[in-house]
Each structure stands twice: as structure tokens, then as C-alpha cells.
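A structural walkthrough
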Amino acid sequence: MTVCHILHFDMDAFFAAVEQLDNPSLRGLPVIVGAPPDRRGVVCTASYEARKFGVRSAMPSRTAYRLCPHGVFLPVRMARYAELSRRIMAICERLTPVIEQVSVDEAFLDVAGLLKRRPCPVDVARQLRLMIRDETGLTASVGVAPNKFLAKLASDFRKPDGLTVVPADERDILAFLAPLPVTRIWGVGQVTGRLLAEAGIRTIGQLQLTPQERLCNILGPRAAWNLQRLALGRDDRPVVVSREEKSISNELTFEHDCQDPELLRQTLIELAEKVGRRLRQAGKLAATAHVKLRFHDFTTVTRQQAMQPATASDRLLVREALTLFEREEGPRPLRLIGFGVSKLSGGELAGSPRQPLLFSDPSELMEEADQRNAELDSVVDDLRERYGVGILRRGRWDKGGGRIKKKSRAGSFFSWEAFG
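Figured I'd write up the structure that's included with this text. What you see is a predicted model, and the numbers here were worked out from it, not measured in a lab.

Notes on the sheet that holds strand 4 (residues 72–74)
- As summarised here, the arrangement of the three strands in space is 3-2-4, forming an open sheet in which the pairing is mixed. Every other strand in the sheet has two partners, leaving strand 3 (43–46) and strand 4 as the edge strands with one partner each. Each neighbouring strand pair of the sheet contributes to a mean axis angle of 25 degrees, computed without reference to strand direction.
- In terms of strand pairing, strand 2 (residues 31–34) meets strand 3 through three bridges, oriented antiparallel. Bridge assignment links I32 to a residue of strand 3, and that residue is A46.
- Sheet strands in contact with helix 1 (residues 14–22) are strand 2, strand 3 and strand 4, and its direction is about 115 degrees off that of strand 2.

Considerations on the pairing of strand 1 (residues 6–11)
- Within strand 1, six of the six residues are buried, leaving the element largely enclosed by the surrounding structure.
- Two strands pair when backbone bridges link them, and strand 1 and strand 7 (residues 140–145) are joined in this way by six bridges, in the antiparallel orientation. Along strand 7, the bridge assignment pairs M11 with A140.
- Two elements, strand 1 and strand 6 (residues 106–110), share five bridges in a ladder whose sense is antiparallel. In the sheet register, H8 faces strand 6, and the bridge partner there is F108.

Some words on the packing of helix 6 (residues 148–155) against helix 7 (residues 170–177)
- Between helix 6 and helix 7, the least distance of the axes is 13 Å, while the angle of their chain directions is 45 degrees. Looking at the two axes, helix 6 sits oblique to helix 7. Helix 6 and helix 7 meet at a crossing whose hand is left-handed. Across from F149, L150 and L153 in helix 6, the residues of helix 7 making contact are I173, F176 and L177.
- In terms of residue class, the contact of helix 6 with helix 7 is made up of six nonpolar, no polar and no charged.

Here we look at the packing of aromatic side chains
- Going through the model one piece at a time under the given rule, you end up with six aromatic pairs.
- Taking 6.0 Å as the distance between ring centres and 50 degrees as the angle between the ring planes, the aromatic pair formed by F14 and F15 counts as tilted. The two residues F14 and F15 agree in class, both being buried.
- Ring-pair connections join several aromatic residues into one group, and the members of that group are F14, F15 and Y81.

Examining the sheet that holds strand 11 (residues 300–311)
- With antiparallel pairing, four strands are arranged side by side in an open sheet as 9-12-10-11. Each having just a single partner strand, strand 9 (247–258) and strand 11 make up the two edges of the open sheet. Mean inter-strand twist for the sheet, computed between neighbouring axes without regard to direction, equals 15 degrees.
- One ladder, built from eleven bridges, connects strand 10 (residues 284–295) with strand 12 (residues 334–346); its direction is antiparallel. By the bridge assignment for strand 12, V291 is matched with F339.

Some thoughts on the pairing of strand 7
- Of all six residues in strand 7, six are buried, a share of seventy percent or more.
- Residues A140, V142 and V144 of strand 7 are buried on one face, and the alternating residues S141, G143 and A145, pointing to the opposite face, are buried as well.
- With three bridges connecting them, strand 7 and strand 8 (residues 163–165) associate as parallel partners. Within the sheet, the bridge partner assigned to V142 lies in strand 8 and is L163.
- In this region the chain leaves strand 7, passes through helix 6 and returns to the parallel neighbour strand 8; the handedness of that crossover is left-handed.

Analysis parameters
- Residues numbered from 1 in each chain as written.
- Predicted model: local features only at pLDDT ≥ 70, side-chain atom pairs only at ≥ 80, totals over all residues.
- Heavy atoms only, no water.
- Pairing = 2+ DSSP bridges.
- Helix = DSSP H or I, 4+ residues; strand = E, 2+ residues; numbered from the N terminus.
- Axes fitted to C-alpha atoms, helices over the stretch in contact; angles between N-to-C directions.
- Contact = heavy atoms within 4.5 Å.
- Buried < 20%, exposed > 50% of the residue type's maximum accessible area, 1.4 Å probe, protein only.
- Parallel < 35°, antiparallel > 145°, perpendicular 65-115°, else oblique.
- Left-handed = near helix turned anticlockwise from the far one by under 90°.
- Nonpolar A, V, L, I, M, F, W, Y, C, P; charged D, E, K, R; others polar.
- Phe/Tyr/Trp six-rings, centres within 6.5 Å; stacked < 30°, edge-to-face > 60°.
- Right-handed = clockwise from strand over helix to strand, strands pointing away.

Functional significance is not addressed by these values, which are geometric in nature.
Right, dumping it as C-alpha cells:
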């Protein structure tokens, strides 16, 4: 018989619960954390009181306001949520060192090493919930199962403050999964769910009985194989202790649709610099650049291209961002613009010392230029850390009739032209 040794915990309405914890007068009220209802943006988290009115995460805040006009809309306080997240993960580490943090408010735990001393994993799950509640004042829902897929599924069963145990016997697992909608399976979003529904497959039980050949015709061989394995409750992925960041990105939603090419360029420059700063802080290099554009009609396009060699240089990231942006034909009103990088690898930190150059062939001149750029990025990072991100700005922030002119906390700014 398979042993249930994987736990998945998910904090209950985490951001909203933290706001109610810090301000007890909000308890019992429909709290909505995210963008204000009079601006563009989305809901990050809604309390369970707000969810009764249909408010949910990723919903436009204006829609949330129409559904729940008496809701309490609050801004995101990520520093506070991150502080409590660190405390919660530290609690987990007191139970087992095998932890895979999935996000700020959820993680997998492998408790197989504890089962000799405490043979019932349900007891470990109960202790975890109790420790989190006693030490933070917040509640978590926990799933206990033989693998990650089933544990993640179980943690969502009895929210809030729930504990669900998936049976270990294979036949019982099939029966547990059978009545659930196929949309509860990882990877089944709107498109896949619609394709399955059109084929008459709406529950996991129906998916379990669908011949592999037919499923391949509907979804393709790779997706068919993966979904059917999950429908049978099979998932052999281990709990991975160190979770590497696979991509880094930043984006901005405009208050009003923007069609000013100069403002769009300057915004993209600043987003690229934010990405560069995050790369250097993580000691990473990126080999692929991405630009994301969302138009006034919500159409979204993504452009990407490889970067050789991989880089964390602001100058090169800005160049790639602007090159990708300029591929879009004709000015169209933009609702959102974003820049990101992927294919990350460990890299030499910006500004680290190198052997002095003795020769002047083209490759070494290029290396010398790269070193100067790295040193410049390091200095700029330090100045922004001390005086705020507005102390130095690349591009034409001092031009354009004051449309995009900004000041730093220090009361003034410098600017320099973006490199080509």
C-alpha cells in the first residue's frame, strides 16, 4: 500500500487574512486586497466574506466593486505578507527540512523521515495547522496524500481551516477522484476544459475511462499522457527543497490607454532596468528576453528573442526590450506593457573583479566594455538603494514638455540617453 507522506498547506485568503489580523475591526467584513475599484488592476485576494458575493482573485477590481460595492478595498502590503510567510516557512522547517515553497502562502512538505517517530502523517498535519494558528494567528488548510498532485488537490477541499486526507489504496484514490470536475487537474484551463467538455468528458472519472488513443486525438499525445496519469492519481515528482526562479519580469498597467510612443519607450526602459536589478541581486544571467503588450481590447501579444551571450546588463536588456517593442507595427493604444527574461543561469555578479586587460583585440575590447557596463550597473544599483530608484533615470525623462518628468526622494534627478 502507498504511504501518505506528502503534505500541502495553503494559507486561507492569505493577504486578506493578514489585513484582518492586523486590523481586527475588519473581521467579518468583505475585504478585497488589490487595486482600488476606481483604477485599472485586479483583485489579489478576497476574504471569504467577499467571496460570497462572487469576488475572486485575478478579477478586475471594477468588477469586484460592482459585485460587492460595500467591500473594503485595501492596497497590497507585500513586505508584511513576506514577513509572515518567512515565519510560517520557519515553522515548517521545525517539522521537516524537506520543504518546497510554491508561493508566498503555500508549500509542500515531505514527512517520510518523521514516520518512524510519528507513524501517522495526519498527526503531523494537525500539528502544523496548530503551530501556524498559535504562532501567527492565521489559519491554513492542509492536504495529506501519497503524492504532490493529490496533496494539492486535497488542501482545497475543506477551506478555510480544513484538513483532508486522501486514501492510500489505489482503488480508493480512483473513487476519490472520479466525481471531481476535470478542471481540478493541473493544466486543465479554459481551453483544455472546453475541448474535453465538447468531447463529453467533464469529470475525472470519465477521463479515467477514456481510451488513450481518443484522448490523443483531442489533446495531442503529450497532454493526453500527462492528464490521464493525473486522473489515475499518479504523480512521481519529488518535493524539491531548492526552488530556482525560472524567469523574472515586471509589467505596468496604465491608468488610461497609452498611445504615446515616447512614454511607452521610457516605461519599457524602466521595466527593463528593474529586471536587470533583480537579476544582479540574484546573481543570475538571462538568455531570453520577452516583451508583453496588452492592447485596449485586451488582446495580448508576447515577443521574445534569444540573447547571446546571456546577460544581466541594463544596457543590453534595454536594447533588447526596445528592439522587441519596435517590431510591433503601428501605434495602437496599450493597456499594459511588460518586460521579462527567462533561461536563467548562475553568473558572475556585476562589478566583480577581473584580470586586467593587456591586449586590445576586438573580443577583449568587448570584454572591457562589458566590465565597464557591469561596474556602472553596480554603482547605479548602490545609488538607487541609498536614495531611491528615481535618483538616476536612463532615457529622456527630462524632455517631452514635462509629460513624464519625475523627481526622486532626494529632490532631483539625473538622466542619460539609452544605449542603442
